[in-house]
Amino acid sequence: MQNEIDSESRANGWGVSDFRKLTPESFATIGMPNIVYVREVLAGEVESELGSELGVPADTRLYAVHAANGQRMAVLDNRDAAFAGARQYDLEPVSVH
(Lines give C-alpha, C1' and ligand atoms only; values in the text may rest on other atoms or scores of the structure.)
Protein backbone atom coordinates (compact mmCIF):
# COMPACT_ATOMS: atom_id res chain seq x y z
CA MET A 1 0.00 0.00 0.00
CA GLN A 2 2.75 2.47 0.91
CA ASN A 3 4.52 1.78 -2.39
CA GLU A 4 1.29 2.47 -4.27
CA ILE A 5 0.95 5.82 -2.52
CA ASP A 6 4.60 6.67 -3.15
CA SER A 7 4.30 5.77 -6.84
CA GLU A 8 1.15 7.81 -7.25
CA SER A 9 2.68 10.75 -5.37
CA ARG A 10 5.77 10.74 -7.54
CA ALA A 11 3.66 10.50 -10.70
CA ASN A 12 1.84 13.66 -9.62
CA GLY A 13 5.06 15.52 -8.78
CA TRP A 14 4.99 14.93 -5.02
CA GLY A 15 7.83 13.12 -3.35
CA VAL A 16 10.42 14.29 -5.84
CA SER A 17 13.76 14.03 -4.11
CA ASP A 18 15.33 16.83 -6.14
CA PHE A 19 12.93 19.66 -6.96
CA ARG A 20 15.42 21.05 -9.45
CA LYS A 21 14.46 18.14 -11.71
CA LEU A 22 10.77 19.02 -11.56
CA THR A 23 9.72 20.54 -14.88
CA PRO A 24 7.60 23.73 -14.96
CA GLU A 25 4.82 21.67 -16.56
CA SER A 26 4.92 19.10 -13.75
CA PHE A 27 5.02 21.82 -11.11
CA ALA A 28 1.97 23.52 -12.66
CA THR A 29 -0.07 20.35 -12.42
CA ILE A 30 0.73 19.50 -8.78
CA GLY A 31 -2.58 19.35 -6.98
CA MET A 32 -4.65 19.20 -10.13
CA PRO A 33 -7.49 18.71 -10.44
CA ASN A 34 -8.46 18.96 -6.76
CA ILE A 35 -6.68 22.07 -5.50
CA VAL A 36 -7.69 25.59 -6.50
CA TYR A 37 -6.36 28.83 -5.16
CA VAL A 38 -8.23 31.98 -4.30
CA ARG A 39 -6.54 35.33 -4.56
CA GLU A 40 -7.68 38.90 -4.24
CA VAL A 41 -7.70 40.90 -7.47
CA LEU A 42 -8.84 44.37 -8.39
CA ALA A 43 -11.68 44.70 -10.85
CA GLY A 44 -9.35 46.66 -13.13
CA GLU A 45 -7.06 43.60 -13.39
CA VAL A 46 -9.80 41.40 -14.84
CA GLU A 47 -11.73 44.07 -16.74
CA SER A 48 -10.11 43.18 -20.07
CA GLU A 49 -11.29 39.58 -19.70
CA LEU A 50 -14.77 40.30 -18.38
CA GLY A 51 -15.35 43.58 -20.19
CA SER A 52 -18.35 45.66 -19.29
CA GLU A 53 -20.00 42.72 -17.52
CA LEU A 54 -18.47 43.88 -14.25
CA GLY A 55 -19.91 47.35 -14.03
CA VAL A 56 -17.88 48.11 -10.88
CA PRO A 57 -15.09 50.61 -10.20
CA ALA A 58 -11.59 49.45 -11.16
CA ASP A 59 -10.43 49.56 -7.51
CA THR A 60 -13.14 47.15 -6.30
CA ARG A 61 -11.69 44.09 -4.56
CA LEU A 62 -12.76 40.79 -6.06
CA TYR A 63 -11.69 37.19 -5.48
CA ALA A 64 -10.45 35.06 -8.35
CA VAL A 65 -10.50 31.27 -8.21
CA HIS A 66 -7.65 29.66 -10.16
CA ALA A 67 -6.85 26.07 -11.06
CA ALA A 68 -3.50 24.78 -9.80
CA ASN A 69 -2.00 25.54 -13.24
CA GLY A 70 -3.00 29.22 -12.93
CA GLN A 71 -6.04 29.21 -15.22
CA ARG A 72 -8.71 31.55 -13.86
CA MET A 73 -11.94 29.67 -13.28
CA ALA A 74 -14.18 32.27 -11.62
CA VAL A 75 -14.30 35.77 -10.19
CA LEU A 76 -16.53 36.55 -7.23
CA ASP A 77 -17.13 39.59 -5.07
CA ASN A 78 -16.81 37.73 -1.79
CA ARG A 79 -13.98 35.56 -0.45
CA ASP A 80 -16.31 33.26 1.48
CA ALA A 81 -18.40 32.73 -1.64
CA ALA A 82 -15.26 31.85 -3.62
CA PHE A 83 -14.31 29.20 -1.05
CA ALA A 84 -17.87 27.86 -0.79
CA GLY A 85 -18.20 27.68 -4.57
CA ALA A 86 -14.97 25.71 -4.87
CA ARG A 87 -16.05 23.28 -2.17
CA GLN A 88 -19.42 22.84 -3.86
CA TYR A 89 -17.53 21.29 -6.78
CA ASP A 90 -15.40 19.08 -4.48
CA LEU A 91 -12.34 21.27 -4.89
CA GLU A 92 -9.98 22.20 -2.08
CA PRO A 93 -9.47 25.98 -2.02
CA VAL A 94 -6.32 27.55 -0.62
CA SER A 95 -5.56 31.20 -0.12
CA VAL A 96 -2.78 32.97 -2.00
CA HIS A 97 -1.52 36.36 -0.87
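Residues numbered from 1 in each chain as written. Predicted model: local features only at pLDDT ≥ 70, side-chain atom pairs only at ≥ 80, totals over all residues. Heavy atoms only, no water.

## Brief notes about the sheet that holds strand β1 (residues 35-42)
Here is the rule: The criterion for strand pairing is that DSSP finds at least two bridges linking the strands in question. Put simply, DSSP marks the helices as runs of H or I at least four residues long and the strands as runs of E at least two long, and each gets a number from the N terminus on. Structural elements are reduced to axes, namely lines fitted to C-alpha atoms, with helices fitted over the stretch in contact, and the angle between N-to-C directions of any two is expressed from 0 to 180 degrees.
Read across the open sheet, the four strands follow the order β3-β2-β1-β4; overall the sheet is mixed. Of all the strands in the sheet, just β3 (72-76) and β4 (92-96) have a single pairing partner and so form its edges. The mean inter-strand angle of the sheet, taken between neighbouring strand axes irrespective of direction, is 30°. Bridging between strand β2 (residues 61-67) and β3 involves four bridges; their strand directions are antiparallel. Bridging across to β3, Ala64 finds its partner in Val75.

## Looking at the nonpolar core
Going by this rule: Within this scheme, the nonpolar core is defined by two criteria: the residues are buried Ala, Val, Leu, Ile, Met, Phe, Trp, Tyr or Cys, and they are joined through side-chain atoms within 4.5 Å. Accessibility here uses a 1.4 Å probe with only protein chains present; expressed as a share of the type maximum, an area under 20% marks a residue as buried, one over 50% as exposed, and anything in between as partly exposed. Every residue pair with non-hydrogen atoms within 4.5 Å of one another is taken to be in contact.
Formed by Val36, Val38, Tyr63, Val65, Ala82, Phe83, Ala86 and Leu91, the largest nonpolar core amounts to eight residues. If you tally residues by element for this core, the top one is helix α4 (residues 79-88), at three residues. With residues up to four places along the chain from it excluded, the contact list for Val65 reads Val36, Tyr37, Val38, Gln71, Arg72, Met73, Ala74, Leu76 and Ala82. Val41, Ala43, Leu62 and Ala64 belong to the second-largest nonpolar core, a separate cluster that totals five residues.

## Things to note about the pattern of salt bridges
The criterion, for reference: In the sections that follow, a salt bridge refers to a side-chain nitrogen of Lys or Arg positioned within 4 Å of a carboxyl oxygen of Asp or Glu.
What the rule picks out here adds up to two salt bridges. For the salt bridge of Arg39 with Glu45, the shortest nitrogen-to-oxygen distance reads 3.8 Å. Taking the relative accessible area as the measure of exposure, Glu45 reaches 42% and is therefore partly exposed. With a shortest N-O distance of 3.4 Å, Arg61 and Glu40 are connected by a salt bridge. Remark: Glu40 occurs in strand β1 and Arg61 occurs in strand β2; sequence separation between them is 21 residues.

Keep in mind these values describe shape, not function.
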